[in-house]
Every structure is written in structure tokens, then in C-alpha cells.
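Notes for the structure review
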Amino acid sequence: MLPSYLTMAAILFCLGLYGALVKRNAVVVLLSIELMLNAVNLNLIAFSKYGVIPSLTGQLFSLFAITVAAAEAAVGVAVLIALFRARGTVNVDEYDEMRR
């Protein structure tokens with residue numbers, strides 16, 4: 001049962017990595033990062049349940065990771081809105097200067 005969880009997490013992580021590296025829209029990049037964090041959470045929970053010594057440690061780490069991901073998403077969207085107001089675009093390849 002553990003290999004199926006790890007395979008699913010690897011597929012999710014690869015999809016997120018592809019989206020973060022290839023896509024140009026900043027919203028898609030943020031969603032891809034969230035997808036990678038969810039793959040890590042899936043690994044933590046799977047190892048917590050099917051590990052050598054099953055315990056709640058992985059689930060607690062997953063809960064903290066979800067909390068950090070929510071805070072990261074809130075800050076990321078706030079920065080993205082500020083950049084959109086200043087530059088008028090959400091394409092990450094056009095954010096090559098700190099000031100304009």
C-alpha cells in the first residue's frame with residue numbers, strides 16, 4: 001500500500017515542479033508550489049501510517065506544513081496583487097527589475 005501513496009506523491013510533485021518551472025503566469029506558479037507542498041504532505045502522512053513505527057508524528061508535521069502553506073499562499077497572493085497594481089501584468093518573465 002505504501003508504494004501507491006509514494007507513486008501518487010511523486011506524480012503530484014512532478015506536476016507541480018513542471019508548472020513552477022515552465023508556466024509564466026504567477027498564479028499558476030503559486031498553485032504549482034501548493035501542489036508540491038501537498039505531495040510532501042501526502043508523503044508525511046503515508047510514512048506516518050505505514051512506517052516502521054506508526055505514530056502521529058508525520059500527521060502533526062503535515063498539519064504544520066498545511067498551516068505554513070496557507071500563510072505562504074496569503075502572502076504570495078498579496079505580493080502578486082501589489083505587483084499587478086504596479087506593473088499591470090502577472091507574467092513572471094516580465095518581473096526582471098526591482099524598480100521601474
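Here's what I pulled together on the structure shown here. Just so it is clear, the model here is predicted, and its values are computed rather than measured. (Residues numbered from 1 in each chain as written. Predicted model: local features only at pLDDT ≥ 70, side-chain atom pairs only at ≥ 80, totals over all residues. Heavy atoms only, no water.)

1. A closer look at a nonpolar patch on the surface
On the surface, F13, L17, Y18, L21, V22 and V40 cluster together to form a nonpolar patch covering roughly 560 Å² of accessible area. For V40, the location among the structural elements is in helix 2 (residues 26-50). (Patch = residues over 30% accessible without salt bridge, like charges linked within 9 Å, V, L, I, M, F, W, Y side chains within 5 Å. Areas by Shrake-Rupley, 256 points an atom, 1.4 Å probe, with all protein chains shown as cover. Salt bridge = Lys/Arg side-chain N within 4 Å of Asp/Glu carboxyl O. Helix = DSSP H or I, 4+ residues; strand = E, 2+ residues; numbered from the N terminus.)

2. Some thoughts on the environment of A73
Relative to the assigned elements, A73 resides in helix 3 (residues 57-87). By relative accessible area, A73 is classed as partly exposed at 26%. Taking the C-alpha atoms as reference points, A73 and E34, 39 residues apart in sequence, are found 7.9 Å from one another. (Buried < 20%, exposed > 50% of the residue type's maximum accessible area, 1.4 Å probe, protein only.)

3. Details of the pattern of salt bridges
When charged atoms on two side chains of opposite charge get close, those side chains can pair. This model, assessed by the stated rule, comprises 1 salt bridge. The salt bridge involving D93 is made with R24; its shortest N-O contact spans 3.4 Å. Linking D93 in the segment after helix 3 with R24 in the loop between helix 1 (2-22) and helix 2, this pair joins segments that are 69 residues apart in sequence. For R24, a relative accessible area of 47% puts it in the partly exposed group.

4. Quick look at the side chain of R87
Structurally, R87 is set in helix 3. Within the structure, R87 has its side chain in polar contact with the backbone oxygen of E94 (distance 3.5 Å). (Polar contact = N/O pair within 3.5 Å; in protein donor to acceptor, adjacent residues only side chain to side chain.)

Geometric descriptors of this kind do not, in isolation, establish any biological role.
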